[in-house]
Amino acid sequence: MKVTAMDIYKLLPKTNCEDCGEASCMAFATKLSEKETDLKLCTPLDPEGMEKLEKILAPAVREVTIGKGDKQVIIGGDEVLYRYELTYYNPTALVIDVHDELEESELEERIKIIENTEFERTGELLTLDAIAVRNKSGDRQKFIKTVSRLKNSVYPLILCTMDPDNMKAALEVVGDERPLIYAATENNLEEMAKLALDYQCPVALFVPGDLEKMKQLSHSLRSQGIKDIVLDPGTFVGDGIGDTLDNFVMIRRLAVEEKDEDFRFPIMGIPALMRLGSKEDSVTKGIKEATVAATMLNKYADMLIFNGTDIWELIPVLTLRQGLFTDPRKPQAVDAGLYEFGDVSEDSPVVLTTNFALTYYTVEGDLKSGKANTYLLVLDTEGRAVDVSLAGGQLNGKSVADLIKETDIENKVNHKKMIIPGLAAPVSGEIEDDSGWEVAVGPRDSSAVPDYLLEKL
Amino acid sequence: MDKMTQLLKLLENTKSIEINDFRMDFDELELQLMPAVQQVVQQAVQTRKAASEVLPMEDFKPPIQDYPGKVAEVQLGKGSRKPVYLGGQQALYRFEEAQPNAPVVTFDVFDIPMPGLPRPIREHFSDVMDHPGEWAKKAVKEFGANMVTIHLIGTGPKVMDKSPREAANDIEEVLQAVDVPLVIGASGDPVKDPLVLEKAAEAAQGERCLLASANLDLDYQKVAQAAVNNDHAVLSWSITDVNMQKTLNRYLLKEGLTQNDIVMDPTTCALGYGIEFSIDIMTRTRLAALKGDTDLQMPMSSGTTNAWGSREAWMKKEEWGPTDYRGPIWEIFTGLTMMLNGVDIFMMLHPTSVKLLREIGGTFVKDYMTTDLPDISDWITQLEG
Ligand code: SF4
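Predicted model, so just to flag it, every value in this text is computed and none were measured.

(A) The overall build of chain A, seen in detail. Within chain A one finds 16 helices and 17 strands. Viewed in the frame of its principal axes, chain A has a C-alpha envelope of about 80 × 65 × 40 Å. Every one of the 457 residues in chain A was classed for burial, and the buried ones make up 49%. Restricting the contact set of chain A to residue pairs at least 6 apart, pairs at least 24 apart contribute 64%.

See the structure below:
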């Protein structure tokens with residue numbers, strides 16, 4: 001399992017020279033065990049010690065970088081099977097495909113959509129991570145042409161062809177940017193391995209539905225000195241989704257619990273395969289593609305390739321990824337107290353919410369985008385949402401009355417009127433009794449608060 | 001394969017070879033081989049040297065674990081109902097041992113018309129909303145519901161303040177209309193709920209419904225007694241807190257209920273609204289069950305309908321696309337995530353969400369690699385669009 005600071009300390013020079021910026025080797029070791037610093041900062045460490053430490057510090061799942069410089073995405077790096085045990089590292093890379101039979105205008109349009117896809121949620125801008133270029137035509141010139149166009153894209157690339165000669169031709173164009181080679185298979189393993197080594201690129205290993213063979217081939221790639229591998233055990237949908245899940249889970253369990261070197265790599269899934277031969281309408285396809293993605297996101301996918309680009313399909317995927325990769329060790333609460341929005345005066349309204357981070361940021365976003373001028377009282381509910389804290393008893397008459405006192409809001413406004421969340425309606429009477437304030441039950445969703453304030457005041 | 005090739009093959013994987021009792025090391029062997037072969041060997045040695053190390057390889061073995069504990073099986077539906085079974089798992093994943101029972105979906109039905117339901121749901125049920133019986137029938141007949149949840153929202157003192165007697169009438173209406181098992185939900189009023197559930201339980205005596213819910217904020221003893229006296233099961237509801245769940249389960253067991261009479265609801269936070277908390281709680285609860293914690297070995301339930309409260313599911317916003325698609329997806333993602341972390345029964349609203357969830361859940365009872373898998377090896381050229 002996780003290495004301790006002591007295990008690490010034993011291998012450090014123990015001179016406390018402070019070159020790493022830490023006061024002592026022990027402090028540095030502690031930070032390393034928490035993944036909060038970089039081993040390279042210990043300059044006095046000899047190469048042998050460096051190698052040993054790198055090995056024991058290596059995460060259960062290797063981190064693989066696709067792309068370079070400001071155009072890169074890192075996948076893998078996980079240490080645990082369940083996020084509550086630590087956290088998940090490196091959010092799943094979300095990739096959209098383009099292919100080489102698209103008309104020029106279609107290609108341009110698609111690239112534009114991919115690059116512009118974004119969704120803001122709780123103060124974070126969620127975007128996609130890479131583009132997969134598919135050699136659909138099988139034709140080398142067409143592939144080169146499409147790949148050349150994508151060289152200018154803002155995202156790193158996944159080059160998709162099973163033909164090693166076509167792959168080589170594409171690598172001649174973008175091989176210096178560390179694209180992911182997709183894919184080595186049992187039929188082209190040697191050639192693709194050589195390309196991965198020659199161009200120093202990560203390579204995906206595609207072995208659909210056969211983990212035993214995948215292990216052999218992964219072993220073979222490793223034996224040839226290839227370090228950056230991404231595993232594609234095959235995305236089967238419909239009735240096959242159970243097997244897809246089983247394969248993903250087995251790979252990750254072998255990596256984390258058995259430290260099986262052949263499986264200690266990121267896993268990729270291809271929800272786009274749901275569209276293969278499907279006769280359904282485009283909306284159903286979109287809903288199903290997202291559903292397949294949600295299945296794999298939950299169980300260890302480090303990278304997903306989509307075909308659909310509709311924002312309604314991608315928003316839930318982006319949101320689920322954000323939730324899964326939130327660090328459970330960080331408090332999900334903001335400071336309780338009094339917050340001001342816009343120009344406040346003694347006539348300004350007073351609105352109540354809880355200190356659950358998601359709730360707070362949602363309300364904050366709504367008040368700002370609605371250009372509201374208001375005071376916001378943030379109640380300490382130990383990081384619970386309105387409905388949950390209501391049921392759990394943190395949101396009650398007394399706690400609100402205490403908050404009013406602590407924030408001294410009574411001396412800041414010339415009224416005693418408060419607007420509480422719609423979901424808090426059951427305690428409105430209690431709040432009035434305990435605080436002596438007049439309570440109005442506001443909307444259930446804070447997006448309606450700015451309009452509510454304008455209407456009521 | 002001739003002898004020499006075999007020998008060379010061996011050399012690829014080992015640093016030395018043993019032929020009967022005679023042991024040769026690499027260097028000695030090299031000297032004794034004929035020059036042409038020697039060259040081949042040298043090449044092999046060089047490629048070996050080019051690679052960082054000679055890598056040992058073990059056989060592939062599926063990572064199957066032993067679990068000392070087991071999830072209890074709960075039967076819902078008896079008497080005039082077709083029974084449905086929940087839980088019974090002895091392992092975490094299908095490749096270890098397939099689940100004995102597939103996840104179950106129960107459709108939400110209300111005792112009052114519910115004009116506040118989102119449009120994508122109303123459009124499926126608006127013609128039957130005046131009669132809970134008709135509503136339940138439509139859910140079963142048209143959308144293949146395994147079960148129906150009748151929410152007695154109208155009993156809420158601030159809603160319509162229907163009496164427990166009236167609630168019992170609604171239960172009778174639904175029992176008459178369909179032959180699937182029922183979940184009976186109250187209005188969420190801690191004082192009135194136990195009284196309502198008591199009367200409803202009597203009206204459904206012997207039909208083995210799930211009474212929703214018992215929790216620490218109300219007279220859970222009354223709810224538990226209503227279940228014991230009338231042969232029902234109880235939904236044990238805690239708020240994202242494993243210890244609270246354990247405590248409540250223990251209290252319920254003391255009231256005479258058994259593991260096979262309790263379903264847990266550890267609270268489903270919707271996608272984007274804390275779903276990760278629910279993931280952690282469900283995971284920990286199920287792992288505890290399989291490790292042998294008898295206070296947590298009951299099947300789990302998810303109030304997936306919560307997803308419709310998320311603004312992404314219902315709020316009109318041009319740049320997010322039509323709510324007609326966002327709503328069902330939000331419900332699917334919320335339910336599916338719970339299902340992948342061990343939940344056994346789902347309370348849901350939209351027919352499309354229910355259908356997709358059941359398709360995936362249906363695979364949980366099949367064995368690993370027993371499905372015909374399509375050939376996807378050429379997907380790069382075959383995928384349209
Ligand atoms: S740089 Fe290395 S040797 Fe110096 S204090 Fe830091 S850990 Fe110790």
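(B) Region of the structure containing the nonpolar core. Among the nonpolar cores identified, the biggest contains 232 residues, and A:V95, A:L205, B:V148 and B:L211 are the most heavily contacted of them. Among residues more than four places away in sequence, those in contact with A:V95 are A:D129, A:A130, A:I131, A:A132, A:I158, A:M303, A:L304, A:I305 and A:F306. A:C20, A:F28, A:A29 and A:L45 belong to the second largest nonpolar core, which has 10 residues in total.

(C) Focus on the domain arrangement of chain A. Domains assigned within chain A are domain 1 (5-57), domain 2 (64-324) and domain 3 (337-456). Computed from C-alpha coordinates alone, the two centres of domain 1 of chain A and domain 2 of chain A are separated by 34 Å.

(D) Layout of the sheet that holds strand 13 (residues 337-341) of chain A. Residues and elements named next belong to chain A. On the basis of which strands lie adjacent, the open sheet formed by five strands has the order 13-15-14-16-17 and mixed pairing. The open sheet is flanked by strand 13 and strand 17 (438-441), the only strands paired with a single partner. Within this sheet the neighbouring strands show an average axis-to-axis angle of 30°, counted without direction. The sheet contact formed by strand 16 (residues 417-420) and strand 17 spans four bridges and is parallel. Across the sheet, M418 pairs through a bridge with V439, a residue of strand 17. Sitting on the sheet, helix 14 (residues 397-407) touches strand 13, strand 14 (350-354) and strand 15 (374-379), and the angle it makes with strand 15 is about 125°.

(E) Structural detail: the interface of chain A and chain B. With 68 residues of chain A at the interface, the matching set in chain B holds 60 residues. Counting only elements with at least two residues in the side of chain A that touches chain B, the list comes to helix 8 (211-223), helix 9 (241-256), helix 10 (282-298), helix 11 (311-324) and helix 13 (386-392) of chain A. The residue inventory of the side of chain A that touches chain B, partitioned by class, reads 29 nonpolar, 21 polar and 18 charged.

(F) Region of the structure containing the environment of A:L379. Residue and element names in this part refer to chain A. Looking at the element boundaries, L379 is found in strand 15. With 42 residues separating them in the primary sequence, L379 and G337 have C-alpha atoms 6.7 Å apart. For L379, the contacting residues outside a window of four places in its chain are A336, L352, T354, N355, L395, S399, V400 and L403.

(G) Expanded view of unusual backbone geometry. Following A:Y182, the chain continues into A:A183 via a peptide bond in cis, with omega recorded as 10°. When you line up the elements, A:A183 lands in strand 8 (residues 180-184). Here the residue pair B:A212 and B:S213 is connected by a cis peptide bond, since its omega of 0° sits within 30 degrees of zero. In this structure, A:Y300 is a non-glycine residue whose phi angle is positive, near 85°. Looking at the element boundaries, A:Y300 is found in the loop between helix 10 and strand 12 (303-306). Positive phi is not limited to glycine here, since B:D231 has a value of about 60°.

(H) Looking closely at the site of the ligand. Around the ligand, a shell composed of 14 residues is seen, among which A:C17, A:C20, A:C25, A:F28 and A:C42 lie nearest. Across the shell around the ligand, the residue classes tally to nine nonpolar, two polar and three charged.

Parameters at a glance
Residues numbered from 1 in each chain as written. Chains lettered and ligands numbered in written order. Predicted model: local features only at pLDDT ≥ 70, side-chain atom pairs only at ≥ 80, totals over all residues. Helix = DSSP H or I, 4+ residues; strand = E, 2+ residues; numbered from the N terminus. Buried ≥ 20, exposed ≤ 12 C-beta atoms within 10 Å, placed from the backbone. Contact = placed C-beta atoms within 7 Å. Core = buried A, V, L, I, M, F, W, Y, C linked by C-beta atoms within 7 Å. Domains from an automatic or database assignment. Pairing = 2+ DSSP bridges. Axes fitted to C-alpha atoms, helices over the stretch in contact; angles between N-to-C directions. Nonpolar A, V, L, I, M, F, W, Y, C, P; charged D, E, K, R; others polar. Near = placed C-beta within 6 Å.

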